[in-house]
Amino acid sequence: MQHLVFVYGTLRQGQSNHHYLQQCEYLGRFDTPEYYAIFDLVAYPAMVFGKKSVAGEVYLINDEVLASLDRLEDVPVEYRREQIETIFGLAWVYLYQLDLAENKEILSGDWCKRNNRFS
């Protein structure tokens, strides 16, 4: 079965976990509506519900890749998988579900531009 996935951090092009998606079809960039926020967990980001837009990429993936992403994202412990509407159709996204009290929000909404992200 084919799925769409929206990625916003280490799975994006040029990032440390992009190899998970190397054989998948890249559909394009997408910025979410202003219903989310992204936080810096140092090694990777966390997307949660908020009031900002988050930048990312959408890929066409298969069941095997989806299962490997679920393992990487530690579903259902650290992240949960939900669907969001994108310009390419409904896509899976990984939403963080642990405490973020000690983490800084990436104000730009873009993990790849996080060097000037803090308030």
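Residues numbered from 1 in each chain as written. Predicted model: local features only at pLDDT ≥ 70, side-chain atom pairs only at ≥ 80, totals over all residues. Heavy atoms only, no water.

**Details of the overall build of the protein chain**
For the record, the criterion: Counting from the N terminus, the helices are DSSP H or I runs at least four residues long and the strands are E runs at least two residues long. In this setup the radius of gyration rests on C-alpha atoms only. A globule is expected at 2.2 Å times the number of residues raised to 0.38. Each residue is assigned to one of three classes by its accessible area relative to the maximum for its type, calculated with a 1.4 Å probe on protein chains only: buried under 20%, partly exposed between the two thresholds, exposed over 50%.
In terms of helices and strands, the protein chain carries one helix and eight strands. Ordered by position from N to C terminus, the α and β elements of the protein chain give β-β-β-β-β-α-β-β-β. Scaling as 2.2 N^0.38, a compact globule of 119 residues should have a C-alpha radius of gyration of about 14 Å, and the protein chain matches this with 13 Å. Dimensions of the protein chain, computed from C-alpha atoms along their principal axes, come out at roughly 40 × 30 × 25 Å. A buried classification covers 48% of the 119 residues belonging to the protein chain.

**Let's talk about the UniProt feature "active site" (unreviewed entry) in the protein chain**
Stated formally: UniProt positions are given in the numbering used here, feature names are shortened, and annotations may be inferred rather than shown by experiment. We call two residues contacting when some pair of their heavy atoms lies within 4.5 Å.
The residues that UniProt annotates with the feature "active site" (unreviewed entry) are Glu 73. Tracing the sequence through the fold places Glu 73 in the loop between helix H1 (63-72) and strand S6 (79-86). Once you skip the residues sitting within four places of it in the chain, Glu 73 turns out to touch Leu 11, Glu 78, Tyr 79 and Tyr 94.

**Here we look at the sheet that holds strand S4 (residues 45-49)**
Formally: Between any two strands, pairing holds if DSSP finds at least two bridges.
On the basis of which strands lie adjacent, the open sheet formed by three strands has the order S4-S3-S8 and antiparallel pairing. Single-partner strands in this sheet number two, and they are S4 and strand S8 (104-105). Two strands pair when backbone bridges link them, and strand S3 (residues 36-40) and S8 are joined in this way by two bridges, in the antiparallel orientation. Note that in S8 the partner of Asp 40 across the bridge is Lys 104.

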